[in-house]
Amino acid sequence: MELYTNLRQGEKGAWLSIGTYLILSSAKLTIGYIGTSEALKADGLNNTTDIIASIAVLVGLRIAQRPPDSNHQYGHLRAETVASLVASFIMLVVGLQVLVSSLKSLWEPTGTTPSLLTAYVAMGSAVVMYVVYRYNLALSKKIKSAAVKAAAFDNRSDALVSIGTAIGIFGAIFGFPIIDSLTALIVAFLIIKTAVEIFWEAVQSLTDAFDIDEVETLSVLIRNVDGVIELLDFKGRAHGNMYFIDVTVTVDPYLNVFESHRITEEIEHTIMRKNRFCQVLVHIEPHIIPPQNEDKPPTN
């Protein structure tokens, strides 16, 4: 099945992120400690959370590839969503640790100036993460993977964080050491913000939230299918990258089974042309026109 093939290809993006984050976090934490930069160390801790998040995405992609079984008749596609939820909690904890550390640094400044090397490391990291972002974004579009797309945007966020880190370090070098600690504080808030966003997106998916714009678009397409008289009900939910859609429509009550079946197939094909990773269940009902109240002559 193409969906599972795409999930396997998505592992390449997860492995690339893991390898990159391992190298960058080690370099940032080491150089940040040697060069006395709180901002670079905070950025390095941010990348450690990204390692965990990328591993969670990888594990989720692996589990999601398991076929349906007796206990999971819709498959295991939500595994990557659960993994994202776990990763969001881990990121939140690390973000709070960075926040506490930066606040202590503001309250009890060390008075030391970060070395110029720490700024170069931050700028180099931004360039590397932007390249990874472009790769994962292209991969997500190719395989239609929401998880890899989310990882790509996380890569872009890390590139921006590293640019902000470099700016803070340069400010500290030029005589404003408090900027380094303030930048670490901003990085902490960015980590927490990303954790909350990932948490909210995962919760929305796990509680069967469905994009309203997608509902409106698909509803219009269904109403335009030849033979459909009225769309009575539309329900949708997402399992990973797979959509499960239930539709109830009315048709001419005098159609035979063959003609009614043709309409259901056309509805399925219409939806799958919009998103081929769909399972569509169509329920057909006869269209009944309510009787009109005839005008009665007045009685004496």
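Look up a bit, the structure's there.
Remember, predicted model here, so these are calculated numbers, not experimental data.

A.B. asks: Residues and numbers for the packing of aromatic side chains, please.
C.D. replies: Within this structure, the stated rule accounts for six aromatic pairs. Relative to Phe199, the ring of Phe89 has its centre 5.6 Å away and its plane inclined at 65 degrees; by these criteria the two rings are edge-to-face. Remark: Phe199 occurs in helix H6 (residues 178-206) and Phe89 occurs in helix H3 (residues 79-107); sequence separation between them is 110 residues. Pairing Phe210 with Phe234 gives two aromatic rings, centres 6.4 Å apart and planes at 50 degrees, and the pair type is tilted. You can see Phe210 sitting in the loop between H6 and helix H7 (212-223) and its partner Phe234 sitting in strand S1 (residues 230-239), a full 24 residues away along the chain. On the accessibility criterion, Phe210 (17% relative accessible area) is buried. Through a chain of ring-to-ring contacts, three or more aromatic side chains come together here, namely Tyr130, Tyr133 and Phe153. Sitting over the face of the ring of Tyr74, Arg237 holds its NZ or CZ atom 4.8 Å from the ring centroid.

A.B. asks: Which residues make up the nonpolar core, and what values go with them?
C.D. replies: One finds Ile222, Phe234, Ile245, Val247, Val249, Ile267 and Ile271 to be the most contacted residues of the largest nonpolar core, which totals 19 residues. When contributions to this core are tallied by element, the ones reaching two or more residues are H7, S1, strand S2 (242-251), helix H8 (257-274) and strand S3 (278-286). Counting 12 residues, the second-largest nonpolar core is a separate cluster that includes Ala14, Leu58, Leu61 and Ala147.

A.B. asks: So what's going on with H8? Which residues, and what values?
C.D. replies: End to end, H8 covers 26 Å across 18 residues, agreeing with the expected 26 Å (1.5 Å per residue, within 8%). Along H8, the residues that are buried comprise Ser260, Ile263, Thr264, Ile267, Thr270 and Ile271. Down the axis of H8, the smallest arc covering the buried residues is 120 degrees, so these residues share one side. Across H8 from its buried face, at more than 90 degrees, point the exposed residues Phe258 and Arg273.

Rules behind the numbers
Residues numbered from 1 in each chain as written. Predicted model: local features only at pLDDT ≥ 70, side-chain atom pairs only at ≥ 80, totals over all residues. Heavy atoms only, no water. Phe/Tyr/Trp six-rings, centres within 6.5 Å; stacked < 30°, edge-to-face > 60°. Helix = DSSP H or I, 4+ residues; strand = E, 2+ residues; numbered from the N terminus. Buried < 20%, exposed > 50% of the residue type's maximum accessible area, 1.4 Å probe, protein only. Lys NZ or Arg CZ within 6 Å of the ring centre and 35° of its normal. Core = buried A, V, L, I, M, F, W, Y, C linked by side-chain atoms within 4.5 Å. Expected span 1.5 Å × (residues − 1). Arc of directions from axis to C-beta.

Function-wise, these values are silent; they only describe arrangement.
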